[in-house]
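Descriptive analysis of the structure
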Amino acid sequence: MTTPNTFSLKSRSLKFKWTFGASAAIFLTFFLFSFAIYQGIGSMLLDEKDDTVKSAAYAASDAIYTADLTGASENITSEKIGPIVKDNIELRSRLEDQVLVFYDKDGNLIEQYTAGQNNNKAYAKNDYSSYLVKQPTPALSKPTVQGQQMVMYQIPIINKIDNSSIIGYIQVVNPMTSYNSMMGKLLATMFLLGAVALFISGMLGYLLAQNFLNPLTKMAKTMNDIRNNGFQKRIEPTVITKDEIGELTIVFNDMMVQIERSFEQQKQFVEDASHELRTPVQIMEGHLKLLNRWGKDDPEVLDESLNASLTELERMKKLVQEMLDLSRAEQISQTKELQLVCVNDVVEQVRRNFEVMYEDFTFTLAEDDKNLHAMIQHNHLEQILIIIADNAVKYSGDGKQVDMHVYKEADKIKVSIKDYGVGISADEIDKIFNRFYRVDKARSREVGGNGLGLAIAKELVSGYLGSIHAESEDNVGTTITIALPLIEQNEDKAE
């Protein structure tokens, strides 16, 4: 049976992860920096020890050479070397805690010396002859003697007469007691500082995590309130920041506004759709009940009820089709089935069609710029223009004229359609693109309409990264303008 891992970052809070991560990063940085310093100081001290044993060995060699003991191997004895070592102040100052050993030409121990205060130390009594390498060149080694690493340096004693034969050896042994003491103190200091650094890094990590995560905690609380109480709650930042958390707060609030608006629109849509469908259903139900009671035997009543039912059924069919068109308009993808369309040609085509359908109207077209192209499906652009032009005709009243205008403004193509009807009041102009909204519901029902046309046009235009807006004055007329991204003609040819 396996024991579950009780310490798992995946199951920890974000504050703990942030604290742990920040602490680990700070401490790891301190540890690597301290380790580099420790290794650097250790390497520097080891190099110094190498120089120390070398200088002591050459000082001993100079001392016996100056004493004229290098003329024959018989001169390399403890009786002759001892007084020289004891009387040579420079040599004794170099010994410190080191051991100076002399060997004859065969590698036999003659004598070993150390500073007086260190004579009783264990390293001063060790036999180092086994580490002697009989060779004509100097040698540096770092063996471990009785569990303690040491630095050894040996040089041969050359006969000054022939300047080639070896008459003995000088060996200097440094037990590195000062090195080990200093490195031990340094290591202890670093452990102490490491504990302090770990504590400080933990505190800094916690404070950073708390500071950075407070907005997220507030956001989570707000989300929970929204879940329980609705979409009205917003995050109120105490300090306006321009970092990622501040941007996230702004995006969250904007998203809540959009969700609330969408929710309200969806609710309004369901209510309006239910209301619009209820009226024809009630009318048809009334006529069918009338026929069921006695009207089926009266040809005149039967004919009237059937015609009324068919009329309401046709209105329901049109309403359902418009609702379907609106749903499809909301799902437009800018990456599929796009066409490079000449806007001027489509507007002219729509103008001619309306001239044929409404012979008592005058349709004018002004083109400030020719050959303007947009990336949009031809039938969608035509549908948008037809919806706007059809509304202009319906609400023109006695003004039997509709003006169309095509022009370029910056990187946009704009098409405006103006009627000279009763107009729309200022408090209602922003609502005409809402679903099922009608300025004059009774009058709109007379001219035939469900209030979905402009909503469909708005969704189609927005789907192609465009915009649509209306301007109106009471008893003067209404102008609706759409704007679409302009595609330059020279770019089209290059493609």
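Above this text sits the structure in question.
What this report covers is the structure whose coordinates are included nearby. (Residues numbered from 1 in each chain as written. Predicted model: local features only at pLDDT ≥ 70, side-chain atom pairs only at ≥ 80, totals over all residues. Heavy atoms only, no water.)

1. Some words on the nonpolar core
Heads up, the condition is: By convention a nonpolar core is built from buried Ala, Val, Leu, Ile, Met, Phe, Trp, Tyr and Cys residues, the set being connected through side-chain atoms within 4.5 Å. A 1.4 Å probe rolled over the protein chains alone gives each residue an accessible area, and that area as a share of the maximum for its type sets the label: buried under 20%, exposed over 50%, partly exposed in between. Each helix corresponds to a stretch of at least 4 residues labelled H or I by DSSP, and each strand to a stretch of at least 2 residues labelled E; elements are numbered beginning at the N terminus. It only takes one pair of heavy atoms within 4.5 Å for two residues to be counted as in contact.
Counting residues in each nonpolar core, the largest one holds 43 residues, and the members touching the most others are I376, L381, I384, L385, I388, I417 and I482. Counting residues per element, the ones that place at least two in this core are α8 (343–357), α9 (378–394), β11 (401–409), β12 (412–419), α11 (453–463), β13 (467–473) and β14 (477–485). Counting residues per element, this core draws most heavily on α9, which supplies eight residues. For L381, the residues in contact, after removing those within four places along its chain, are V341, V343, V346, I376, I482 and L484.

2. Thoughts on unusual backbone geometry
For residues besides glycine, phi is generally negative; the peptide bonds are generally trans as well. If you check the backbone angles, L465 has positive phi at about 60° while not being a glycine. For L465, the location among the structural elements is in the loop between α11 and β13. For L465, a relative accessible area of 59% corresponds to the exposed category. One non-glycine residue, N475, lies in the positive phi region at around 60°.

3. Digging into the sheet that holds β11
Here is the rule we go by: Strands are treated as partners if at least two bridges between them are detected by DSSP. Axes here refer to lines fitted to C-alpha atoms; in helices the fit is confined to the stretch in contact. Angles between the N-to-C directions go from 0 to 180 degrees.
Spatially, five strands are ordered β9-β11-β12-β14-β13 in an open sheet, and the strand pairing comes out mixed. Among the strands making up the open sheet, the edge pair consists of β9 (362–367) and β13. Each adjacent strand pair in this sheet contributes to an overall mean axis angle of 15°, direction not counted. Sheet strands touched by α8: β9, β11 and β12. Its angle to β9, the strand with the most contacts, is close to 170°.

4. As for the sheet that holds strand β3 (residues 139–141)
On the basis of which strands lie adjacent, the open sheet formed by five strands has the order β2-β1-β7-β6-β3 and antiparallel pairing. Edge positions in the open sheet fall to β2 (109–114) and β3, since each of these has one partner strand only. Averaged over all pairs of adjacent strands, the angle between their axes in this sheet comes to 15°, without regard to strand direction. Bridging between β3 and strand β6 (residues 151–158) involves three bridges; their strand directions are antiparallel. Bridging from a neighbouring strand, L140 pairs with Y153 of β6. Contacts between helix α1 (residues 14–66) and the sheet are confined to β1 (99–104), β3, β6 and β7 (166–174), with β6 contributing the most and set at about 25° to the helix. In the packing of helix α2 (residues 78–87) onto the sheet, the strands contacted are β1 and β2, and the crossing angle to β2 comes to about 15°.

5. Looking at the pairing of β7
Buried residues dominate β7, accounting for eight of its nine residues. Direction of pairing for β1 relative to β7: antiparallel, over a ladder of six bridges. Within β7, the residue paired with V99 across the bridge is V173. Where β6 and β7 come together, eight bridges link them in antiparallel fashion. Its bridge partner being in β7, Q154 is matched across the sheet by Q171.

6. Notes on the side chain of E382
Put simply, the rule is: For the charge count, each Lys or Arg is scored as positive and each Asp or Glu as negative, with His and the chain ends excluded. Salt bridges, as used here, are contacts in which a Lys or Arg side-chain nitrogen is within 4 Å of a carboxyl oxygen on Asp or Glu.
Within the fold, E382 resides in helix α9. It turns out E382 is buried and unbridged, and the closest side chain with the opposite charge, R352, is 12 Å from it. Residues within four places of E382 in sequence aside, it is in contact with V346, Q349, V350 and N353.

Take it as geometry only, folks, not as evidence of what the structure does.
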